[in-house]
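Descriptive analysis of the structure
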Amino acid sequence: SFLADLVKNVFENDVKVVKNFTEESKIELDSIEQDRRYVLYFGRVSEEKGIIDIQNIFTEIKEELVIIGSGDLVDNINKSEYIKFLGYKNAGRTL
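Right, let's walk through the structure included here. (Residues numbered from 1 in each chain as written. Predicted model: local features only at pLDDT ≥ 70, side-chain atom pairs only at ≥ 80, totals over all residues. Heavy atoms only, no water.)

To continue, consider the overall build of the protein chain. On a plain count of helices and strands, the protein chain comes out with 2 helices and 3 strands. Listing every helix and strand of the protein chain by position from the N terminus yields α-β-α-β-β. Looking at the protein chain as a whole, 34% of its 95 residues qualify as buried. Counting contacts in the protein chain only where the partners sit at least 6 residues apart, residues at least 24 apart contribute 56% of the total. Just so you have it, the protein chain exposes about 6700 Å², and 45% of that area is on carbon and sulfur atoms. (Helix = DSSP H or I, 4+ residues; strand = E, 2+ residues; numbered from the N terminus. Buried < 20%, exposed > 50% of the residue type's maximum accessible area, 1.4 Å probe, protein only. Contact = heavy atoms within 4.5 Å. Areas by Shrake-Rupley, 256 points an atom, 1.4 Å probe, with all protein chains shown as cover.)

Here is the structure:
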């Protein structure tokens, strides 16, 4: 996957991808331009998910990351030109 390859290039250790899917048709990203390239993180915003490392990587490589979720590290999300934080949304709600 794009994100796993990106992380493998930044960190020299092995990266394992564990996929958790939601139906794409249930997530409508009306607040994000559909023809722009970005990576969507949809999940808990917590230390064990590595979200702070992920946002730092995207800021460094100047690629857009859209974060949807809630958790104990929400206040640590550094919103910027490359990091968009949309907060908690459930999969059936239009964003």
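Right, let's talk about the sheet that holds strand S2 (residues 65-68) for a bit. With parallel pairing, the 3 strands of this open sheet are ordered in space as S1-S2-S3. Whereas interior strands pair on both sides, the edge strands pair on one side only; in this sheet they are strand S1 (39-42) and strand S3 (83-87). The mean inter-strand angle of the sheet, taken between neighbouring strand axes irrespective of direction, is 20°. Sheet contacts for helix H2 (residues 51-61): S1, S2 and S3; angle to S2, the most-contacted strand, approximately 155°. (Pairing = 2+ DSSP bridges. Axes fitted to C-alpha atoms, helices over the stretch in contact; angles between N-to-C directions.)

As a further point, take the nonpolar core. Membership of the largest hydrophobic core is limited to 12 residues, which are Val 39, Tyr 41, Val 45, Ile 51, Ile 54, Phe 58, Leu 65, Ile 67, Leu 73, Ile 77, Ile 83 and Phe 85. Secondary structure elements with two or more residues in this core: S1, H2, S2 and S3. The dominant element in this core, judged by the number of residues it contributes, is H2, at 3 residues. Leave out the neighbours within four places in its chain, and Val 45 touches Ile 51, Ile 67, Gly 69, Ser 70, Gly 71, Asp 72, Leu 73, Val 74, Ile 77 and Phe 85. (Core = buried A, V, L, I, M, F, W, Y, C linked by side-chain atoms within 4.5 Å.)

Next up on the list: the pattern of salt bridges. Oppositely charged side chains can pair when the atoms bearing their charge come close. Within the structure shown, the criterion is met by 1 salt bridge. Ionic pairing is found between Arg 44 and Glu 48, a salt bridge with its closest N-O pair at 2.8 Å. For Glu 48, a relative accessible area of 58% translates into the label exposed. (Salt bridge = Lys/Arg side-chain N within 4 Å of Asp/Glu carboxyl O.)

Attention now moves to unusual backbone geometry. Residues other than glycine seldom take positive phi values, yet Lys 62 does so here, at roughly 60°. Under the relative-accessibility criterion, Lys 62 is labelled exposed at 54%.

Along H2, the positions that sit buried rather than exposed are Ile 51, Ile 54, Gln 55, Ile 57 and Phe 58. All buried residues of H2 lie within an arc of 160° about the axis, which places them on one face of the element. Looking one or two places after H2, you find Lys 62, whose phi comes out positive at around 60°. (Arc of directions from axis to C-beta.)

Attention now goes to the pairing of S3. Side chains of S3 alternate between two faces, with Ile 83, Phe 85 and Gly 87 buried and Lys 84 and Leu 86 left unburied. Relative to S3, S2 runs parallel, the two being bridged by 4 bridges. Looking across to S3, one finds that Ile 68 is bridged to Gly 87.

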